[in-house]
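Structure at a glance
One-letter residues, chain by chain:
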Amino acid sequence: MLSRRSVIVGALAASPSFRPIAQAQNPTAGGPGGDAPPRTILQLQRRNIVVNGKTASVYGIRQPDGTFGITTDVGKPFRVRVENGIDEPSLIHWHGLTPPWQQDGVPGISGPPIPAGGTADYDFPLRFGGTFWMHSHEGLQEQLLMAAPLIIHDQRDRADQQEIVVMLADFSFTPPDQIFADLRKRSAMSQIAGASPRMATMTGMAQNGADAARDLNDVKYDAFLANYRTLADPEVVKVEPGREVLLRIINASSMTNFHVELGQLQGRLIAVDGFPIVPQTGRRFPIADAQRLDMRLALPRASAAYPILALVEGERRQTGIVLSAGAVDVARVPEIADQPSPALTLDFERRLRAAAPLRARKADRVHTINLTGEMAKYIWSLNNVAWTPSVPSLPIANGERVELVMINRTGMSHPMHLHGHEFQVVEIDGKRFAGAVRDTVLVPPGRRVVVAFDANNPGLWAFHCHLLYHLDAGMFTTLKYV
Ligand SMILES: [Cu+2]
């Protein structure tokens, strides 16, 4: 893992086509005499949080006034300076946005990481609003909570409506490099034992059901966080009885899918990954790693406390916040649910319809991408190739309608994320439909999911599984066009 990372950086330094982000900017913007709006400063920092009664050193992305991440408006430029205040290189990806490719924040693809103590500037137009997020794409920093909300208001938002952002995360006291080493060791040992159900499903098309259910969570986490807190000491948000609030849920975890459980409240889901859908009402919604859900909640007139929970897929553990409407005592919410939640399926995805679908058009180009792996070495790959910088990019051309056919031939679900473009889910297991527009879609074991996008943002773009250790183990590739 370390060698792959240093290879990338080395290759970059030697390539004249990659320039530091700061140099990729318009040098006059915001300079002396310029009338550009001021930059928002984002500081990458070390900080302490308390989890399960113990202090943990994690990362954070904050403005000088302490605000995590950014809230801004559509149509405004995204003018940001990132100051790297940690003691190692870092680079921040604007998850779900469509910047020029050099500003996408993937080390070795978009540009080199920002050295410790260095800065990088960003300036690009915001084409659409919604709930997005930012996270480090360098090494395993995301596991140490180098992530923050990125909210873009647009005409869907109402100035008088209270907004509540909930950022979910998985947390371990074990250092990420150790987690990764343990995953590799455990895989090797189960190979020797020869009895792992996961192994059996790695070689061929996986079956749904019992085998898959055993493969839900690779990493055993110490805690699950909502806005950096557990249910032992949750964030309690004051809300007004009888009013409607907008809930923006961001799954910023490294490896975990959740079900959002609204309890007594009914949610009206209006967007996924920031993009509007034909609204869906319900009390429970799946959210895969890296995805977002925007929902409106109508609060009853009576005073009450309403836990908003996120149930870990396949486990009894849960996290969340509490909405406190009126004068109420907030009772302790258990961190363990009565029942384990089921695995995420595609049932919900299949019901979603884009409110603003892509224009109907035949694909100019189709890439079939098998999601593959070699469990004995904890190698994850695409079309049986674990990524290295020498892997050729998938070719596409500017102006094309592209379809990516993803077929999961492993025993685990993979949330697949495309950088720099929004895509539409257009097919599940052979059935075409005008599904949600998103940037991350879950492909469960044995399933086939097709997404379509318009190649309208030339450059070199990452496409990968968003599970952090799968990504780092090679489940990654690039698309390239000029
Ligand atoms: Cu994966």
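Look above for the structure.
As the structure is a computational prediction, the values presented were derived from the model and not from experiment.

**Side note on the overall build of the protein chain**
When helices and strands are counted, the protein chain shows 7 helices and 31 strands. Long-range contacts, defined here as pairs at least 24 residues apart, represent 76% of the contacts in the protein chain between residues at least 6 apart. Accessible surface, the protein chain: about 18,700 Å² in total, of which carbon and sulfur atoms supply 53%.

**Re the coordination of the copper ion**
The copper ion binds to the protein through His 414 (ND1), Cys 465 (SG) and His 470 (ND1); the donor distances cover 2.0 to 2.1 Å. Written as a sequence motif, the donor residues of the copper ion are H-x50-C-x4-H. Here Cys 465 lies in strand β30 (residues 459–465) and His 414 lies in strand β24 (residues 414–418), a separation of 51 residues in the sequence. Grouping residues by exposure puts His 414 and Cys 465 together as buried.

**Some points on the packing of aromatic side chains**
Aromatic ring pairs are reported here in terms of the distance separating the ring centres and the angle at which the planes meet. This model, assessed by the stated rule, comprises 15 aromatic pairs. For the pair Tyr 221 and Phe 224, a centre-to-centre distance of 5.9 Å together with 70 degrees between the ring planes defines the contact as edge-to-face. You'll find Tyr 221 and Phe 224 in the same group, each marked buried. By way of ring pairs, the aromatic residues Phe 78, Trp 94, Tyr 122 and Phe 124 are connected into one cluster. Here Arg 47 stacks its cationic end above the ring of Tyr 228, 4.4 Å away from the centre of that ring. Sitting over the ring of Phe 173, Lys 54 keeps its end group 4.1 Å from the ring centre.

**Some words on unusual backbone geometry**
Glycine aside, residues mostly have negative phi angles, and peptide bonds mostly take the trans form. Residue Asn 52 is not a glycine yet carries a positive backbone phi of 50 degrees. Locating Asn 52 in the fold gives a position in the loop between β1 (40–51) and β2 (54–62). The phi angle at Asn 383 is positive, at roughly 50 degrees, despite the residue not being glycine. Along the chain, the position of Asn 383 falls in the loop between β21 (379–382) and β22 (394–395). Taking relative accessible area as the criterion, Asn 383 reaches 34% and is therefore assigned partly exposed.

**Section: the pairing of β1**
Inspection of the sheet shows β1 paired to strand β4 (residues 77–84) by 5 bridges, in the parallel sense. Its bridge partner lying in β4, Ile 41 is registered against Arg 81. In this structure, β1 lies alongside β2, joined through 9 bridges in antiparallel fashion. Across the sheet, Leu 44 pairs through a bridge with Ile 61, a residue of β2. In textbook terms, the turn of a hairpin is the stretch between consecutive antiparallel strands, and for β1 and β2 this stretch comprises 2 residues, one of which, Asn 52, has a positive phi near 50 degrees.

**Overview of the pattern of salt bridges**
Enumeration according to the criterion identifies 28 salt bridges in this entry. For Arg 332, the salt bridge is made with Glu 335, and the minimal N-O distance between the two is 3.8 Å. For Arg 332, a relative accessible area of 60% translates into the label exposed. In this structure, the salt-bridge partner of Asp 364 is Arg 361, at a minimum N-O distance of 2.7 Å.

About the thresholds
- Every chain is numbered on its own, with residues counted from 1 as its sequence reads.
- For a predicted model such as this one, the threshold for reporting local features is a pLDDT of at least 70, and the threshold for listing and counting side-chain atom pairs is 80 or more; totals across whole chains, interfaces and linings nevertheless cover every residue.
- Side-chain figures throughout are based on the complete set of non-hydrogen atoms in the structure, without hydrogens or water.
- The helix count covers DSSP runs of H or I at least four residues long, the strand count covers runs of E at least two residues long, and both are numbered beginning at the N terminus.
- What makes two residues a contact is simply this: any of their non-hydrogen atoms within 4.5 Å.
- Where accessible areas are quoted, they stem from the Shrake-Rupley method and a 1.4 Å probe; at the residue level, only the protein chains shown are allowed to cover.
- Only nitrogen, oxygen and sulfur atoms within 2.8 Å of the metal, or 3.2 Å for Na, K and Ca, are treated as donors, and water is left out, so sites may look incomplete.
- Here the term buried applies to any residue with accessible area under 20% of the maximum for its type, exposed to any over 50%, and partly exposed to those in between, with areas from a 1.4 Å probe on protein chains only.
- A pair of aromatic rings is counted whenever rings of Phe, Tyr or Trp (Trp by its six-membered ring) have centres within 6.5 Å, and the orientation is called stacked for planes under 30 degrees apart, edge-to-face for over 60 and tilted otherwise.
- Counting as a charge over the ring demands two things of the Lys NZ or Arg CZ atom: a distance within 6 Å of the ring centre and an angle within 35 degrees of the ring normal.
- Whether two strands pair depends on DSSP finding at least two bridges between them.
- We count a salt bridge whenever a side-chain nitrogen from Lys or Arg sits within 4 Å of a carboxyl oxygen from Asp or Glu.

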